[in-house]
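# Notes for the structure review
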Amino acid sequence: PSRSNPAYYTGHINWYSAGELNSMYLSGSVEKITESAVSESSTKMFKKGSMLVGMYDTAALTLGTLQAGNANNIIPDTALLKGSLRTVDEELRANVKTRIHDIATSIAKVYRAEAEVIFGSGCPSLLNDKDVSDSVAKYAKELFTPRGAFTTAELAAMSGGGAKGAGGSEDFAFVTREIPGLMLAIAAGQPQAGYTFPGHHPKVRFDETTLVKGAGLFAYAAMRWLEEHK
């Protein structure tokens, strides 16, 4: 829910930050939100007993499709399960892939079946260069004022979590492996103006006037970088 509406955070519904997901069991969150905060944003409710997994220092595994058979009274001889895996740490990614293979093949063996695990060529973790990031953060604050631009660490501090990375997947990661760079986000609409849903939500809307700000930042950052790195 939008932080610009303090009333959203005066309710009784548990609102957990990433920094609170370090215990085996959770009984109550530091912050509480209202029913309006849920209904007027893209916030999702989870039932008591649900497993909550933070994206930082963890793996997010989504099994999105299961395809098997064509008839309701015939047991299919094959089944295809597809999903996606996201991690911030590359070593963790390799370990999870090994575990997925071991678990899938072992379960299949128990039932005298066979399982084949195939991983596609996904994107690596996107690494922002520290020098470029620090410089562009300074330039953005110069252009938009300190209250108009925030670093990931600053946003994490506002939400009570730790700044250890984000969960997006982006092929620009291949570029930052070869050339120092960074990926930044431009806000495309204020919640109070009706832009309440995130990028991948079916009801998402974008304020196209923000394109001007994005183009301006790219140009300003390039000029300032050249001034300081002659």
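Attention here is on the structure that accompanies the text. Each chain carries its own residue numbering, running from 1 in the written order of its sequence. Where totals are concerned, whole chains, interfaces and linings use all residues; where local detail is concerned, this predicted model gives features only for residues with pLDDT of at least 70, and gives and counts side-chain atom pairs only at 80 or more. To obtain the side-chain values, all non-hydrogen atoms of the structure were used and water was disregarded.

### Focus: the pattern of salt bridges
Whenever a carboxyl oxygen of Asp or Glu lies within 4 Å of a side-chain nitrogen of Lys or Arg, that contact is scored as a salt bridge. Taken as a whole and judged by the stated rule, the model has 9 salt bridges. Measuring nitrogen to oxygen at the nearest pair gives 3.2 Å for the salt bridge that ties Arg 177 to Glu 90. Taken as a pair, Arg 177 in the loop between α5 (173–176) and α6 (210–228) and Glu 90 in helix α2 (residues 90–110) lie far apart in primary sequence, 87 residues in all. Burial classification: accessible surface area is computed with a 1.4 Å probe over protein chains only, and a residue below 20% of its type maximum counts as buried, one above 50% as exposed, and the rest as partly exposed. The exposure class assigned to Glu 90 is partly exposed, which follows from its relative accessible area of 30%. One salt bridge connects Lys 141 with Glu 154, and the closest N-O pair in it is separated by 3.1 Å. Remark: Glu 154 occurs in helix α4 (residues 152–159) and Lys 141 occurs in helix α3 (residues 130–144); sequence separation between them is 13 residues. Salt bridges sharing common partners tie together Lys 138, Glu 142, Arg 224, Glu 227 and Glu 228. Strands are runs of DSSP state E lasting at least 2 residues, helices are runs of H or I lasting at least 4, and numbering of each runs from the N terminus.

### What to know about the layout of surface pockets
Here a cavity means grid points, on a 1 Å grid over the protein atoms only, where a 1.4 Å probe fits yet cannot get out; a pocket means an open set of points with protein on both sides within 12 Å along at least five of seven lines; lining residues are those with an atom within 4 Å of a point. Grid points are joined across faces, edges and corners, and a volume is the space filled by probe spheres set on the points. Quantified by volume, the second largest pocket comes out at close to 370 Å³. In terms of lining, the second largest pocket is formed by 15 residues, of which the most central are Val 136, Leu 182, Leu 184, Phe 218 and Ala 221. The set of elements that each furnish at least two residues to the lining of the second largest pocket consists of α3 and α6. Top contributing element to the lining of the second largest pocket by residue count: α6, with 6 residues. The residue classification treats Ala, Val, Leu, Ile, Met, Phe, Trp, Tyr, Cys and Pro as nonpolar and Asp, Glu, Lys and Arg as charged. All others, Gly included, are polar. Considered class by class, the residues forming the lining of the second largest pocket number 13 nonpolar, 2 polar and no charged.

### Details of the side chain of Ser 2
Residue position: Ser 2 is located in the segment before β1 (13–15). Judged by relative accessible area, Ser 2 falls into the buried class, the value being 16%. In the analysis that follows, any N or O atom pair within 3.5 Å is treated as a polar contact, provided that within protein one partner can donate a hydrogen and the other can accept it, and provided that, for residues neighboring in sequence, both atoms belong to side chains. Of the polar contacts made by the side chain of Ser 2, one reaches the side chain of Ser 4; its length is 2.5 Å. Contact definition: two residues touch when any of their heavy atoms are within 4.5 Å. With residues up to four places along the chain from it excluded, the contact list for Ser 2 reads Tyr 8, Tyr 9 and Pro 191.

Purely spatial values, then, with no claim about function.
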